[in-house]
Amino acid sequence: MTAAHVTLCFLLRDGDAGQEVLLGRKKTGFGTGKIVGVGGHVEPGETAAEAVCREVQEEIFVHVEEEHLIPAGTVDFVFPAKAEWNMFTTVYLTGRWTGEPAESDEIAPQWYRVEGLPVEQMWADAEHWLPAMISGQRIAVEVVLADDNESVAEVHTAEWLDSGAAR
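Per chain, residue numbering runs from 1 following the sequence as it is written. Predicted model: local features are reported for residues with pLDDT of at least 70 only, side-chain atom pairs are reported and counted for 80 or more only, and whole-chain, interface and lining totals are derived from all residues. Values shown for side chains rest on all heavy atoms present in the structure; no hydrogens or waters enter the calculation.

Draft legend 1. Summary view of the overall build of the protein. Scanning the protein from N- to C-terminus turns up two helices and nine strands. In the protein, the succession of helices and strands from N to C terminus is β-β-β-β-α-β-β-β-α-β-β. Here the C-alpha atoms of the protein give a radius of gyration of 15 Å, agreeing with the 15 Å that 2.2 N^0.38 yields for 167 residues. Across its three principal directions, the C-alpha atoms of the protein cover 40 × 35 × 30 Å. Counting every position in the protein, which comprises 167 residues, the buried fraction comes to 44%. If you average the places of the 11 positive and of the 29 negative side-chain charges in the protein, the two averages end up 4 Å apart. Each helix corresponds to a stretch of at least 4 residues labelled H or I by DSSP, and each strand to a stretch of at least 2 residues labelled E; elements are numbered beginning at the N terminus. Throughout, the radius of gyration refers to the C-alpha atoms, and the reference size of a globule is 2.2 Å times the residue count to the power 0.38. Residue burial is assigned from relative accessible area. The probe radius is 1.4 Å, only protein chains are included, and a residue is buried under 20% of its type maximum, exposed over 50%, and partly exposed in between. This count recognises Lys and Arg as positive and Asp and Glu as negative, with His and chain-terminal groups excluded. The location of each charge is read from NZ of Lys, CZ of Arg, CG of Asp or CD of Glu.

What follows is the structure in structure tokens.
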């Protein structure tokens, strides 16, 4: 089975107590109840960058321009016990957008200090790659989930060599 191609975008800003990242509590669908990044599926005919701009608009009502996206890497999620959940994720960062993040039917956005990510409320894999990408590392990550589809069984990380496919 082919992994679904999805995208994530992490909005970053300087807050009073240091750098902050926008995450959100998932209200519906895959990962309901977890704190996640903003993003979703790449539709047929879309590039990953086009998809992430569309998803950010749909989920938190802010506008991100493709030229302001910073490709951060990829995360390949492998669910051996539920292969239909496998996802290949292109990750972006941005410090520029138009509008103020607002809650949608899908996600309730909130700013978090980068130094204090709510990892206990996120998917267990997030702490293995998100801080590194936010800090500027460009990596390709493979996360193999355990049979419970929650715990991390293995994480493999390599330098990400962007072939331009992220755009």
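Draft legend 2. Looking closely at the pattern of salt bridges. Salt bridges, as used here, are contacts in which a Lys or Arg side-chain nitrogen is within 4 Å of a carboxyl oxygen on Asp or Glu. Tallied over the entire structure, the rule returns eight salt bridges. Residue E103 is joined to K27 by a salt bridge in which the shortest nitrogen-to-oxygen separation is 2.6 Å. Pair noted here: E103 is in the loop between β6 (87-94) and β7 (107-113) and K27 is in the loop between β2 (18-26) and β3 (35-36), with a separation of 76 residues, a long-range link. What you see here is one network of salt bridges that share partners, running through E46, R54, E55 and E58.

Draft legend 3. Broad picture of the nonpolar core. In terms of nonpolar packing, the biggest core is built from 28 residues, with F10, V21, L23, V75, W129, L130 and M133 touching the most fellow members. Counting only elements with at least two residues in this core, the list comes to β1 (4-15), β2, β5 (70-78), β6, α2 (126-134) and β8 (139-145). Considering each element in turn, this core owes the most residues, six residues, to α2. Non-local contacts of V21, meaning those with residues more than four positions away in its chain, are made with F10, L11, L12, Q110, W111, Y112, V114, L117 and I134. One finds V38, V56, L69 and W111 within the second-largest nonpolar core, a separate group that totals 18 residues. Nine residue types can take part in a nonpolar core, namely buried Ala, Val, Leu, Ile, Met, Phe, Trp, Tyr and Cys, and a core is a set of them joined through side-chain atoms within 4.5 Å. Note on definitions: a residue-residue contact is assigned when non-hydrogen atoms from the two residues lie within 4.5 Å.

Draft legend 4. Quick peek at the environment of D125. Following the sequence through the fold, D125 ends up in the loop between β7 and α2. Distance from D125 to P80, taken between C-alpha atoms, is 15 Å for residues 45 residues apart in sequence. Contact partners of D125, with chain neighbours within four places excluded, come to F77, V143 and V152.

Draft legend 5. How the structure looks around the side chain of T90. Summarising the element assignment, T90 is placed in strand β6. Reaching out from T90, the side chain makes a polar contact with the side chain of H5 at a distance of 3.0 Å. Here a polar contact is taken to be a pair of N or O atoms separated by no more than 3.5 Å, where protein atoms must pair a possible hydrogen donor with a possible acceptor and residues adjacent in sequence count only if both atoms sit in side chains.

Draft legend 6. Examining a negative patch on the surface more closely. A cluster of acidic residues, E50, E65, E66 and E67, forms a negative patch at the surface. Within the fold, E65 resides in the loop between α1 (48-60) and β5. Judged by its relative accessible area of 32%, E65 is partly exposed. Patch building starts from residues that exceed 30% relative accessible area and form no salt bridge, then joins like charges within 9 Å and nonpolar side chains (Val, Leu, Ile, Met, Phe, Trp, Tyr) within 5 Å. We get accessible surface area from the Shrake-Rupley algorithm with a probe of 1.4 Å; when it comes to residues, only the shown protein chains can shield them.

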